[in-house]
Amino acid sequence: MSKKDPAKYKGEFYREYAYFLKEGVCQDYEFQDQLSKLLYFETSKTMNGELSSLEDYLSRCTPEQKEIYYLCAPSRELAMESPYLEAFEKAGREVIFVFTPIDDFVMANLKKFEGRDIVTAEKSDLDLGETKDSDEEAKESGNVTEKLTNEEAADFCKWFQNTLPDKVMSCKATTRLSSSPAVVTNNESGAMRRMMRMVDTVEAGLDSNPLQKQQVEINPNHPIIAGINAIREKEPTLAKVCAEQIYDNCLVAAGLLDDGRSMLPRLNDILLSVVKGASRDLPISPPAEEVETHTEQIDDIPATPQAEEKETSTTEK
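Model, not experiment: these values are computed from the prediction.

S.K.: Please explain the sheet that holds strand β7 (residues 168-173) as it appears in this structure.
M.R.: Strands belonging to one sheet form pairs held by backbone hydrogen bonds; the direction of such a pair is parallel or antiparallel. Within the open sheet, the 3 strands sit side by side as β7-β9-β8. Their pairing is mixed. The outermost strands of the open sheet, each flanked by one partner alone, are β7 and β8 (182-185). The average undirected angle you get between the axes of adjacent strands in this sheet is 25 degrees. Where helix α8 (residues 150-163) meets the sheet, its contacts fall on β7 and β9 (214-218), and the angle it forms with β7 comes to roughly 165 degrees.

Below, the structure written as structure tokens:
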């Protein structure tokens, strides 16, 4: 049915039995290849709600693409805005979207399809071929901003890791990002790692399981990174607060932050710094009394003879 009448298959059969097909992929390894051909997903190049099979995905891939990429997100909107998608958009690569934990689990169990590895878009050391240089992209968009040199980026990464030693395992500069300052990367998706943490917590009988140290990749061309680098010696406390917020933002993007309320005190501190800075930059207006006095002084200035003649002429007319 999936070949003869795709619309009916996706609209009726798949809608009803998708869960069981996915369960079969994860449990019935003998028929895993056949079952995987019956799965359908949205992708970064399909319309909202439009489903595509893995075979259709491969038919749109370029010959040099050796891997199948997927991204786990709560919704299509969040997937399209994810920092992990930026590198694929620059490279023109299509990404499969999965929106539920079972879909993520399916991809992790499937591992390969038609000889190509299935990997998460959150993977570090992505090889997407040639992409536009960041400088060239910035010039084309007219958004040329301050950026870090290679040496400055290396120093910043070292400072970032030393500033958050209990949270950051490694930090390096990357070219995969365009509009985001940083991401955390791993060979498994954030959703999968969070699920495994929950399983480990239950099995160990613990109230919570601490998050492991993360691999962080920073965008040396982003104004936030350049700005933090500029203030980290003059304003070390503010720079540290910003670094902690950058890290938590990365966890949010990866779906790894357990409770966003932990960020509130820090966000309030950052907002306070912004407001204070903006207040210092505002022009100082003179008191109302001074303005009134100045106006009276102007009225008391005698008119010039030319002005008096002009006023007399106007009155006669």
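S.K.: Please clarify how a nonpolar patch on the surface should be interpreted in this entry.
M.R.: A cluster of nonpolar residues, Phe13, Tyr17, Tyr19 and Phe20, forms a patch on the protein surface that exposes about 440 Å² of accessible area. Structurally, tyrosine 17 can be placed in helix α1 (residues 6-27). Looking at tyrosine 17, the relative accessible area reads 40%, which means it is partly exposed.

S.K.: Which parts of the structure should I look at to understand the packing of aromatic side chains?
M.R.: Given two aromatic rings, their pairing is described by the distance between the two centres and the angle made by the two planes. All told, the structure shown has 11 aromatic pairs when counted by the stated rule. With a centroid separation of 5.4 Å and 45 degrees between ring planes, the pair formed by phenylalanine 156 and tryptophan 159 is classed as tilted. With a gap of 3 residues between them, phenylalanine 156 and tryptophan 159 both fall in helix α8, about one helical turn apart. No difference in accessibility class separates phenylalanine 156 from tryptophan 159, as the two residues are buried. Following the ring pairs from residue to residue traces out a cluster consisting of Tyr9, Phe13, Tyr14, Tyr17, Tyr19, Phe20 and Tyr40.

S.K.: Just to check I follow, could you spell out α8 for this structure?
M.R.: Residues three or four positions apart in an α-helix share a direction because the helix packs 3.6 residues into each turn. With 14 residues, α8 should cover 20 Å at 1.5 Å per step; its first-to-last C-alpha distance of 20 Å lies within 8% of that length. Where the residues of α8 are buried, they touch β7, β9, α10 (223-231) and α11 (236-254).

S.K.: Would you explain the packing of α8 against α11 in this entry?
M.R.: When two helices pack together, their arrangement is given by the angle between the helix axes and by the axis-to-axis distance. Contact geometry for α8 and α11: axes closest at 10 Å, N-to-C directions at 85 degrees. Relative to α11, the element α8 is oriented roughly perpendicular. Judged by residue contacts, Trp159, Phe160 and Thr163 of α8 engage Ala239, Lys240, Ala243, Ile246 and Tyr247 from α11. Considering only residue class, the contact of α8 with α11 consists of 6 nonpolar, 1 polar and 1 charged.

S.K.: Which parts of the structure should I look at to understand unusual backbone geometry?
M.R.: Excluding glycine, residues mostly carry a negative phi; peptide bonds, for their part, are mostly trans. Of note in this structure, glutamate 114 is not a glycine but carries a positive phi near 55 degrees. One can find glutamate 114 in the loop between β5 (112-113) and β6 (116-120). Phi at aspartate 125 takes a positive value of approximately 55 degrees, unusual for a residue other than glycine. In this structure, aspartate 125 sits in the loop between β6 and α7 (134-141).

S.K.: Help me out: how do you make sense of the environment of leucine 148 in this one?
M.R.: Within the secondary structure, leucine 148 sits in the loop between α7 and α8. On the basis of relative accessible area, leucine 148 is assigned to the buried category, the value being 7%. Distance from leucine 148 to glycine 227, taken between C-alpha atoms, is 9.8 Å for residues 79 residues apart in sequence.

S.K.: Explain the nonpolar core to me, please; I cannot follow it from the model alone.
M.R.: Most often, soluble globular proteins keep nonpolar side chains buried together rather than apart. With 66 residues, the main nonpolar core has Ile96, Phe156, Phe160, Val216 and Ile218 as its most contacted residues. If one sorts the elements of this core by residue count, α11 sits on top with 8 residues. Excluding residues within four positions of it along the chain, valine 216 makes contact with Phe160, Val168, Ser170, Cys171, Lys172, Ala182, Val183, Val184 and Tyr247.

S.K.: Explain the layout of surface pockets here, please?
M.R.: With a probe scaled to a water molecule rolled over the atoms, the places where space remains empty come into view. Estimates place the volume of the largest pocket at around 580 Å³. The wall of the largest pocket is formed by 22 residues, among which Leu238, Cys242, Ile270, Ser273 and Val274 lie closest to the centre. Breaking the lining of the largest pocket down by element, the ones donating at least two residues are α10, α11 and α12 (264-281). Ranked by residue count, the leading element in the lining of the largest pocket is α12, at 10 residues. When its residues are assigned to classes, the lining of the largest pocket shows 13 nonpolar, 5 polar and 4 charged.

S.K.: It is not clear to me how a negative patch on the surface should be interpreted in this structure. Could you clarify?
M.R.: Residues Glu146, Glu151, Glu152 and Asp155 make up a contiguous surface patch of negative charge. Position of glutamate 152 relative to the elements: it lies in helix α8. Accessibility expressed as a relative area gives 34% for glutamate 152, which makes it partly exposed.

Scoring rules and cut-offs
- Residues numbered from 1 in each chain as written.
- Predicted model: local features only at pLDDT ≥ 70, side-chain atom pairs only at ≥ 80, totals over all residues.
- Heavy atoms only, no water.
- Pairing = 2+ DSSP bridges.
- Helix = DSSP H or I, 4+ residues; strand = E, 2+ residues; numbered from the N terminus.
- Axes fitted to C-alpha atoms, helices over the stretch in contact; angles between N-to-C directions.
- Contact = heavy atoms within 4.5 Å.
- Patch = residues over 30% accessible without salt bridge, like charges linked within 9 Å, V, L, I, M, F, W, Y side chains within 5 Å.
- Areas by Shrake-Rupley, 256 points an atom, 1.4 Å probe, with all protein chains shown as cover.
- Salt bridge = Lys/Arg side-chain N within 4 Å of Asp/Glu carboxyl O.
- Buried < 20%, exposed > 50% of the residue type's maximum accessible area, 1.4 Å probe, protein only.
- Phe/Tyr/Trp six-rings, centres within 6.5 Å; stacked < 30°, edge-to-face > 60°.
- Expected span 1.5 Å × (residues − 1).
- Parallel < 35°, antiparallel > 145°, perpendicular 65-115°, else oblique.
- Nonpolar A, V, L, I, M, F, W, Y, C, P; charged D, E, K, R; others polar.
- Core = buried A, V, L, I, M, F, W, Y, C linked by side-chain atoms within 4.5 Å.
- 1 Å grid on protein atoms, 1.4 Å probe; cavity = no way out; pocket = protein on both sides within 12 Å on 5 of 7 lines; lining within 4 Å.
- Points joined across faces, edges and corners; volume = space filled by probe spheres on them.
- Lys, Arg positive; Asp, Glu negative; His and termini not counted.
- Charge placed at Lys NZ, Arg CZ, Asp CG, Glu CD.

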